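# Inside the fold
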Amino acid sequence: MSAATLDDTTVPKGQTPRKGHGRIRSRWAPYVTVLKYALLLFFLVFFLMPVYALVVTSLKDPAEVGVDTVWNLPSTLSFDSFATVWPKLQDGLVNSLMLAIPASLISSLLGAANGFVLSKWRFPGADFVFPLILFGMFIPYQSVLIPMTETMSFLGLKGGLDGLILVHIIYGLPLTTLIFRSYFAGISDEIVEAAEVDGAGMLRTFFHVALPVAPPAFAVAIIWQFTSAWNDFLFGAVLTTNRAYWPVTIALNNIAGGQAVPFNEAMASALIACLPTLLVYILLGRFFMRGLMAGALKG
Amino acid sequence: MNVDITNAEAAGITLDGVDKVYRGGVKAVSGVDLTIDPGEFMVLVGPSGCGKSTLLRMIAGLEEVTAGRVHIGDTDVTNKLPQQRDVAMVFQSYALYPRMSVRRNMEFGLRMRGTKAAERKARAAEVAETLGLAHLLERRPAALSGGQRQRVAMGRAIVRRPKVFLMDEPLSNLDAKLRVSMRAELSRLHQRLGVTTVYVTHDQIEAMTLGQRVAVLRDGVLQQCDTPANLFHKPVNLFVAAFIGSPGMNFVSARVEGGRVGFGGLSIPVPEGRTLADGEVILGVRPTGITLPGEGRPALTAVPEVIEDLGDERHVVFPVAAPRVDTDATRAAVDAESADDVLLPDDHARFTVKLPIDVPVTLGEPLELAINPARLHFFDPATGAAL
Ligand SMILES: Nc1ncnc2c1ncn2[C@@H]1O[C@H](COP(=O)(O)OP(=O)(O)OP(=O)(O)O)[C@@H](O)[C@H]1O
Ligand SMILES: [Mg+2]
């Protein structure tokens, strides 16, 4: 073990050498490593158990489903459960897409505009406005429920999807503003100033210079907004009075919430309902991981 | 299409009692009056934090003036936005637009001003040709070297044919060799384009080699604005004298009495044509003002303490038996180097002299030198003003 031969003099400057570090490590290191991995494996299995049950049950033949066979693998693969629930979920899925796509796109775009102005095109009072916007993040949904429905009724937006979209856009703004403000703060001021000197005003600087460098921030904002709009139940339940506008979460609740619903159908619906958010993450996650900005901004 | 990248009308710049107080009360620039002629290459120089960038940014319109007026040509631009001033700026970080190709970077300013695509393309191509960027036009800034980015930043300014170029330490991110060659290229470009240029640097050598005139700033106050030769030979005060020149001017406390200046056992007649009242003065002499012994020059015996060989010349440092000059002005002028003094064992002045390489010099061996009286400078110890 090379670690055992290390003595204190090899510890880099500025770091306090840990007494006896090398020796202790040499003796126990293998056991500690094994223990560490065993623990990690345990938690992995523990957290994946529900997912396993979900996937396995939804793929079983309806006849095979039962409480005592929850952990068994399906003897034959069957997509019957999916076929059964699909008609009941179809409208909800479409509604949710019609809701989550515009809501996440628009609130990201508005958040980008906010973030840009708050970090790069400062106006007097910006330091006052930003905390005010942020404050919106800390208002619990329940507390605005009644005034919100009142306002929506007043505006004639209650009942349909457009009102729900508007609510999600507005509720998303504090977070998207925060994401973009932090992101744009990392861009050098000189780039914005160069655009200014080059003859671009605020809007053109935003569209031509700021937006093109923002895809990673968009990925983060859209993933977040899409997921939260998709998963929302409360606002959907309150604002959509007509079942034709129900988002998938409510449809899902009606399938899974009933007493007599077979496990396999509940599981299959849940799986279908969570696929789009997974898909968004898989598609966009790559985008922001790639670090589009690397090396492009500095010097 | 034949395009002409030279600018038809160069405009002068006038600063009229310009002040800048930042929020929080930092007074970055105070009462600067400066007239820059059309087509002139003006350099703003001074130690870090003296307000050079602030002054430049006020000309660009990126910073509001607290008081005073700014004119570009005949137009009062004091309250105009940067977009309305027709200036182009080269930033220290180059500030290229990261998601645009070199071509689109260069065309951006033209696009924002509504120039037709065909003309934009022709102009960008022409400038790219001039700057040796033609083969890089489709690349993104991230795929360029530092020197190439610097050229693109320059090209982006030139393409626009602005009334004025503003440059804030554009060469400071380049390595020493490249900096020297870009410096020469900048001079050539300026001669060719004839655009009024304001150039900020803290490097006095860059200032002296580039500037037709150089404005020296200290703590936001304009000290002297003159040709490099005049700054070197006729500094108006101790600060300018200490700031300009490398190695810096040698200073020593001296006494004037009856037409002679005395310091460290030496007594030199006050140079012809100068009248100095009796009393304390600060005497300054450039490293080139001390020479090998010559006709009628007051002799000086030096015991070398440090010898620096530069290949074709030699810098020799020796102590002088008279008090060192240590005023705010000299300290501000040399800021970084002043730490050396701390190591000196006594409070005697140290002189540096530039000698030809073929003169034999040995550490600790006395060496006969002479002072050129015509090259002496005198400053008032109280105010620092040249006498
Ligand atoms: N935005 C700002 N807010 C407050 N003070 C500022 C601001 N920008 C600059 N200053 C202060 O104004 C003074 C002049 O700054 P400036 O950037 O003009 O100096 P400089 O001569 O360009 O220095 P350097 O050579 O280091 O770039 C400094 O004291 C600086 O701290
Ligand atoms: Mg500066």
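Residues numbered from 1 in each chain as written. Chains lettered and ligands numbered in written order. Predicted model: local features only at pLDDT ≥ 70, side-chain atom pairs only at ≥ 80, totals over all residues. Heavy atoms only, no water.

Attention shifts here to the site of ligand 1. Residue and element names in this part refer to chain B. Taken together, Y22, V26, A28, S48, G49, C50, G51, K52, S53, T54 and E169 are the residues near ligand 1. Within the side chain of Y22, a nitrogen or oxygen atom sits 3.4 Å from a nitrogen atom of ligand 1. Between G51 and ligand 1, the recorded distance is 3.0 Å, taken from a backbone N or O atom to an oxygen atom. Relative to its unbound accessible area of 630 Å², ligand 1 is 59% covered by the protein chains. Looking at the shell around ligand 1, the element that brings in the most residues is helix α1 (residues 52-60), giving three residues. For the shell around ligand 1, the residue count by class is four nonpolar, five polar and two charged. (Near = heavy atom within 4 Å. Polar contact = N/O pair within 3.5 Å; in protein donor to acceptor, adjacent residues only side chain to side chain. Areas by Shrake-Rupley, 256 points an atom, 1.4 Å probe, with all protein chains shown as cover. Helix = DSSP H or I, 4+ residues; strand = E, 2+ residues; numbered from the N terminus. Nonpolar A, V, L, I, M, F, W, Y, C, P; charged D, E, K, R; others polar.)

This next bit is on the nonpolar core. Membership of the largest hydrophobic core comes to 60 residues, with the highest contact counts inside it found for B:L15, B:L55 and B:L166. Those residues within four positions of B:L55 in sequence are excluded, and the remaining contacts are B:L15, B:V18, B:V29, B:V32, B:L44 and B:L217. (Core = buried A, V, L, I, M, F, W, Y, C linked by side-chain atoms within 4.5 Å. Buried < 20%, exposed > 50% of the residue type's maximum accessible area, 1.4 Å probe, protein only. Contact = heavy atoms within 4.5 Å.)

Bringing the packing of helix α3 (residues 80-119) of chain A against helix α9 (residues 215-231) of chain A into the picture now. Each pair of packed helices can be summarised by the angle the axes make with each other and by the distance between the axes. All names here are of chain A. As a packed pair, α3 and α9 sit with axes 8 Å apart at the nearest point and diverge in direction by 140 degrees. Comparing their axes, α9 and α3 come out oblique. Crossing hand, α3 versus α9: right-handed. Packed against α3, whose contacting residues are L93, S96, L97, L99, A100, I101, S104, L105, S107, S108, L109 and A112, the element α9 presents F218, A221, I222, Q225, F226, A229 and W230 at the interface. Of the residues belonging to the contact of α3 with α9, the class tally is 14 nonpolar, five polar and no charged. (Axes fitted to C-alpha atoms, helices over the stretch in contact; angles between N-to-C directions. Parallel < 35°, antiparallel > 145°, perpendicular 65-115°, else oblique. Left-handed = near helix turned anticlockwise from the far one by under 90°.)

The next point concerns the confidence of the model for chain A. Residues and elements named next belong to chain A. Residues with a pLDDT of 70 or more make up 87% of chain A, whose mean pLDDT is 83. In this model, residues 1-15 is a region of pLDDT below 50 whose contacts with residues beyond four sequence positions or in other chains number seven contacts. Ignoring residues within four places in sequence, the model shows residues 291-299, a span with pLDDT below 50, making 19 contacts including any to other chains. (pLDDT = per-residue confidence, 0-100.)

What follows deals with the side chain of A:T249. Residue and element names in this part refer to chain A. You can see T249 is positioned in helix α11 (residues 248-256). Here the side chain of T249 touches D232 through a polar contact of 2.8 Å, landing on its backbone oxygen. The residues touching T249, leaving out its near neighbours within four places in the chain, are W230, N231, D232 and F233.

In this section: the sheet that holds strand β15 (residues 290-291) of chain B. All names here are of chain B. A sheet is described by the order of its strands in space; here three strands give the open sequence β15-β20-β16, paired in antiparallel fashion. Only two strands of the sheet have a single neighbouring strand rather than two, namely β15 and β16 (299-302). When β16 meets strand β20 (residues 367-371), the two strands line up antiparallel, connected through four bridges. Within β20, the position partnered with A299 by the bridge is A370. (Pairing = 2+ DSSP bridges.)

Side-chain direction in a regular strand flips from residue to residue, so the side chains alternate between the two faces of the sheet. All names here are of chain B. As paired elements, strand β9 (residues 213-218) and strand β10 (residues 221-226) share five bridges and run antiparallel to each other. Opposite L217, over in β10, you have L222 as the bridge partner. With antiparallel pairing between neighbouring strands as the criterion, β9 and β10 make up a hairpin whose turn holds two residues, including D219 at a positive phi of roughly 50 degrees.

A word on the interface of chain A and chain B. Every contact between the two is made by 23 residues of chain A and, on the other side, 26 residues of chain B. Summing both sides of the interface, chain A and chain B together bury roughly 2200 Å²; the carbon and sulfur share of this comes to 57%. Viewed at the interface, chain B and chain A are joined by two salt bridges. For A:D198, the salt bridge goes to B:R160, with nearest N and O atoms at 3.0 Å. Joining chain A to chain B, the criterion identifies 10 residue pairs in polar contact (both at pLDDT 80 or more). (Buried area = accessible area lost by both parts, 1.4 Å probe. Salt bridge = Lys/Arg side-chain N within 4 Å of Asp/Glu carboxyl O.)

Take the sheet that holds β9(B) next. Residues and elements named next belong to chain B. One open sheet holds the six strands; their spatial order is β6-β7-β8-β3-β9-β10, and the pairing between them is mixed. Looking along the sheet, the strands with just one partner apiece sit at the ends: β6 (87-90) and β10. Shown here is a sheet whose adjacent strand axes are inclined to one another by a mean of 20 degrees, direction ignored. The pairing of β6 with strand β7 (residues 164-168) spans four bridges and is parallel. Within β7, the residue paired with V90 across the bridge is M167.

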